[in-house]
Amino acid sequence: MTENTQQQPAANPELPTQYAPAEVEGKLYERWVERGYFEADANSDKPPYTIVIPPPNVTGSLHLGHAFEHTLIDALTRRKRMQGYETLWQPGMDHAGIATQNVVERELAKEGKSRHDLGREAFVERVWQWKAESGGQISGQMKRLGDGVAWSRERFTMDEGLSQSVQTIFKKLYDDELIYRAERIINWCPRCLTAISDIEVEYQDDDGELVSIRYGEGDASIVVATTRAETMLGDTAVAVHPDDERYRHLVGTEIELPLTGRRIPVVADEHVDPEFGTGAVKVTPAHDPNDFEIGQRHGLPNLAVMDERAVITAHGPFQGLDRLEARSAIVAALRAEGRIVAEKRPYVHSVGHCSRCKTTIEPRLSMQWWVKVGPLAKAAGDAVRDGKVKIHPQEMEKRYFDWVDNLHDWCISRQLWWGHRIPVWYGPNGEIVCVGPDEQPPTGEGWHQDTDVLDTWFSSGLWPFSTLGWPERTDDLAKFYPNSVLVTGYDILFFWVARMMMFGLYAMDGTPPFHTIALHGMVRDQFGKKMSKSFGNAVNPLDWMDEYGSDAVRFTLANGANPGVDVPIGEDWVKASRNFANKIWNATRFALMNGATVEGPLPDPSAMSATDRWILSRLNKTVAEVDAFYDDYQFAKLADALYHFAWDEVFDWYVELSKTTFFAGGEGAKVSGRVLGEVLDVMLRLLHPIVPFVTETLWTTLTGKESVVIADWPEDSGFRDDAAEKEIELVQRVVTEVRRFRSDQGLQPGQKVPARLEMAGTALAPHEAAIRQLLRLQPEGEGFSATASLPVVGATVALDLSGTIDVAAERKRLAKDLAAAEKEKAQANGKLGNEAFLAKAPDNVVEKIRTRLAKADEDIARIQAQLDRLPQA
């Protein structure tokens, strides 16, 4: 094991009888921060280990998804810190443009005002005021969870340094002709009055209508179907597939567009699926992204028929109507003209909604700023293909490639006031000037800055290097870039991760922002259902922390964290983790009261009992196993390994097997006390990254040293004792078999039974006292009568059950159970032997019957064995 070098006074073995998380967690965290354990020094000679926090929104509060992700990151960084790395977990928050602006606008609305009443400058000042007073609640909640972040380095995506980074990379991209301005279709929110990114669009199934409309007359007519009848006012063509014989005669002609008095062309385009619907589609280039592409290919005009609030602007009877009002009015007008061929209501289809205000998104043609992602995305894909960056689990690589290899240009402008304002100025004669951070913007009459701000993902895409001082070549940047690993959810692989990859490779001369991308799943309820307030299953992790302690929440989350897989969680599982923390506490307290110590060297194995050598062998195997799981980001497996080692092997077996040694005293008790101290020392250090609070309290009490946070991470010493492991395995089999028999006979766990143990000359002989202690077996006394005999692994345990159970009643009960099991077997065999039944029954039904048969066979064998072991009545 690795020896810790902290020098502190001798341990104080006094621990309260019960662990009270609320009394220790806050104090411990304050002490860790005050002592600077989580800070990072760029001038250190230690190797670096860097992780950035996925910056939470300044408007946000800690939810289970945050708690889950932060638990994993904290476990990684705590371990690396203990392994001697200069560890930086970079904290910070995202300015969350649209979300924050909405919050402040709602506050203004309560005062009867809008942002326009204040004006841009005053409104932005109001947002900064809100941030200072109410923003960033999540920081305090992160402390509750135990996040070991470098608080002195906390950053905000709108602070001065990061704003300089944003302006620098915008200028660089613009100069390299990778940023441009163009009119394209974007996601538009009529409520927030801004373009929004794909990730800010939430799709849900809505009840709508599918209306089939006849355009044209007679042989020169085509039927098209739409869920958005109001957009027909902006149709500029009908498209069919070039190979569709039904419409070949119409391609190149014009047909009448109902209600408008306009005629529109019929065009042939391979985008159209001739097998879908009528094989003809209406083309509205200004209000549909696919139609826009068709329009570009055929030189069609872009006719916008709605304003930014989704109100109809087209001249005629529908002008001034909201889009939904117009939809109903237009369908009614078409119906009156006999143009409606079919109507389907309700028609359930997927509809995009603004994630902030839930308004239905409107595809809209708009002049926006764009990033030309082609060369950037290629570099991001090549970095993974070439092995510079590894994605974990590897099967997620395909999803990554599917995204970066097919990226469309990225719309980066937002029609908001809160955010990084686009550093472009327009002159009176059409001049366009992009200004860098050290350049003076043009002045004079007619010059003005672009009113839009940048997409929030633009600034968060710079996070791995902007937080380290880029574009300056700082010591922090030299030390901590690239990051060691990015831990994040697979749901933002395409949005945040891809953008960081593109920007990192571009800004940092081809060096990717991290070596590894470790992807996790989403937290769901215990039934695997998405957590949502609307579903009534959303959980505030702070409530669970208050009730069960932060360690319990952390361990539960880590215990469910399989790479790339969703994580179910329920309160019962948190209770079980609380029980585990209590078990660690109680067992360590018992150990300290009975001589467990870390003082002095570990005794030579020749002076140890087989039980001592067994637990040290298992301890070293566990260290190796946990290290391998950490290196493979297998959090669930490492948590499970630690749980079973601590609870099963240390507490339920080693401590129990050693009680007779401790109670006997002498040299054997001293040796076992030192071994138990070693085991607890290493086990608590192994557990610390996941459950930091309880382990800090116990480890400092055990060792008397300053803190487990800065203790050395355990190393596998290489000690193995296969013979001792086999010997203790025999003891475990004897104890387990006899316990099972006692349970089958209805004996209470604490009920003492006279017994004769015949194990002389076997490896079990030295353990007879411990076996008797564990099984509550009394020595055979006068009048002992072996009424049951259990042969187990070469030994025999003879029990005198007279006076402990009613043998006749027990035989009668077992005979009844045996008859029921045999009846179940006969019924299952009858069905499985019926060819007519097998021919008709579904496979899952047949499989259930086979399972019932197998269980019946097991029950019959088990009950018969119990009957055979009972004495004759």
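Residues numbered from 1 in each chain as written. Predicted model: local features only at pLDDT ≥ 70, side-chain atom pairs only at ≥ 80, totals over all residues. Heavy atoms only, no water.

Caption draft 1: Seen up close, the pattern of salt bridges. In the structure shown here, the tally under the stated rule is 50 salt bridges. Residues Lys282 and Asp235 are paired through a salt bridge, measuring 2.9 Å at the closest nitrogen-oxygen approach. On the criterion of sequence distance, the pair formed by Lys282 in strand S12 (residues 280-283) and Asp235 in the loop between strand S8 (220-226) and strand S9 (237-240) is long-range, its members being 47 residues apart. Looking at Lys282, the relative accessible area reads 8%, which means it is buried. Under the relative-accessibility criterion, Asp235 is labelled buried at 0%. Lys855 is paired through a salt bridge with Asp859; the nearest N and O atoms lie 3.0 Å apart. Here Lys855 pairs with Asp859, and both are found in helix H27 (residues 843-869), just 4 residues apart, close to one helical turn. Three or more residues are tied together by salt bridges with common partners; here these are Glu209, Arg335, Glu343 and Arg345. (Salt bridge = Lys/Arg side-chain N within 4 Å of Asp/Glu carboxyl O. Helix = DSSP H or I, 4+ residues; strand = E, 2+ residues; numbered from the N terminus. Buried < 20%, exposed > 50% of the residue type's maximum accessible area, 1.4 Å probe, protein only.)

Caption draft 2: Local environment of the nonpolar core. Grouped together as the largest cluster of nonpolar side chains are 206 residues, with contacts concentrated most on Ile169, Phe170, Phe458, Phe465 and Met501. Among the elements that make up this core, the one with the highest residue count is helix H20 (residues 635-664) (14 residues). With sequence-adjacent residues up to four places away left out, Met501 is seen in contact with Ala380, Ala383, Val384, Val389, Tyr400, Pro513, Phe514 and Ile517. Formed by 28 residues, the second largest nonpolar core is a distinct cluster that contains Val240, Val266, Ala310 and Val331. (Core = buried A, V, L, I, M, F, W, Y, C linked by side-chain atoms within 4.5 Å. Contact = heavy atoms within 4.5 Å.)

Caption draft 3: Quick look at the packing of helix H19 (residues 610-631) against helix H23 (residues 722-744). Look at H19 against H23: their axes get within 8 Å of each other, and the N-to-C directions meet at 110°. Judged on the interaxial angle alone, H23 and H19 are roughly perpendicular. In this structure, H19 contributes Ala610, Thr611, Arg613, Trp614, Ser617, Arg618 and Lys621 to the contact, and H23 contributes Asp722, Ala724, Glu725, Glu727, Ile728 and Gln732. When its residues are assigned to classes, the contact of H19 with H23 shows 4 nonpolar, 3 polar and 6 charged. (Axes fitted to C-alpha atoms, helices over the stretch in contact; angles between N-to-C directions. Parallel < 35°, antiparallel > 145°, perpendicular 65-115°, else oblique. Nonpolar A, V, L, I, M, F, W, Y, C, P; charged D, E, K, R; others polar.)

Caption draft 4: Here's a closer look at the sheet that holds strand S16 (residues 410-411). Strand order in this open sheet of 4 strands is S6-S5-S14-S16, and the pairing throughout is antiparallel. Here the strands that pair on one side only, and so sit at the sheet edges, are strand S6 (194-196) and S16. Pairing geometry for strand S5 (residues 179-189) and strand S14 (residues 362-371), over 10 bridges, is antiparallel. Paired with Ile185 across the bridge in S14 is Leu365. (Pairing = 2+ DSSP bridges.)

Caption draft 5: Seen up close, helix H15 (residues 493-507). Look at H15: 20 Å from first C-alpha to last across 15 residues, which is about the 21 Å you get at 1.5 Å a residue. The element H15 is largely enclosed, with a buried count of 15 among its 15 residues. (Expected span 1.5 Å × (residues − 1).)

Caption draft 6: Geometry of H19. Between its first and last C-alpha atoms H19 spans 32 Å; for 22 residues at 1.5 Å apiece the expected length is 32 Å, and the two agree. In terms of burial, H19 is largely enclosed, as 16 of its 22 residues are buried. Just downstream of H19 lies Tyr633, where phi reads positive at about 55°.

Caption draft 7: Geometry of the sheet that holds strand S22 (residues 483-489). An order of S15-S23-S22 is seen for the 3 strands of this open sheet, with the pairing classed as parallel. Edge positions in the open sheet fall to strand S15 (390-392) and S22, since each of these has one partner strand only. Looking at each pair of strands side by side, their axes are set apart by 20° on average, direction ignored. Helix-sheet contacts for H15 involve S22 and strand S23 (514-520), and the interaxial angle to S22 is about 160°.

Caption draft 8: Inspection of the side chain of Glu200 at higher detail. Along the polypeptide, Glu200 turns up in the loop between S6 and strand S7 (201-217). Among buried Asp, Glu, Lys and Arg side chains, Glu200 stands out as unpaired, with Arg414 the closest opposite charge at 4.3 Å. Polar contacts involving the side chain of Glu200 include one to the main-chain amide nitrogen of Ser197, which spans 2.9 Å. Leaving out residues up to four positions away in the same chain, Glu200 has contacts with Ile98, His353, Cys354, Ser355 and Arg414. (Lys, Arg positive; Asp, Glu negative; His and termini not counted. Polar contact = N/O pair within 3.5 Å; in protein donor to acceptor, adjacent residues only side chain to side chain.)

Caption draft 9: Layout of the environment of Ala310. Summarising the element assignment, Ala310 is placed in the loop between helix H8 (289-298) and helix H9 (323-336). Considering only alpha carbons, one finds Ala310 and Arg776, 466 residues apart in sequence, at a separation of 79 Å. Look past the residues within four positions of Ala310 in its chain and what remains in contact with it is Pro190, Leu321, Asp322 and Arg323.

Caption draft 10: Spatial organisation of the packing of aromatic side chains. All told, the structure shown has 25 aromatic pairs when counted by the stated rule. Where Phe458 meets Phe503, the ring centres are 5.1 Å apart and the plane angle is 70°; that geometry is what we call edge-to-face. Residue Phe458 is found in helix H12 (residues 456-460), and its partner Phe503 is found in helix H15; the two are separated by 45 residues along the sequence. Phe503 carries the same exposure label as Phe458, and that label is buried. Over the ring of Trp417 we find Arg115; its NZ or CZ atom is 4.7 Å from the centre of that ring. Over the ring of Trp370 we find Arg184, and its NZ or CZ is 5.4 Å from the ring centre. (Phe/Tyr/Trp six-rings, centres within 6.5 Å; stacked < 30°, edge-to-face > 60°. Lys NZ or Arg CZ within 6 Å of the ring centre and 35° of its normal.)

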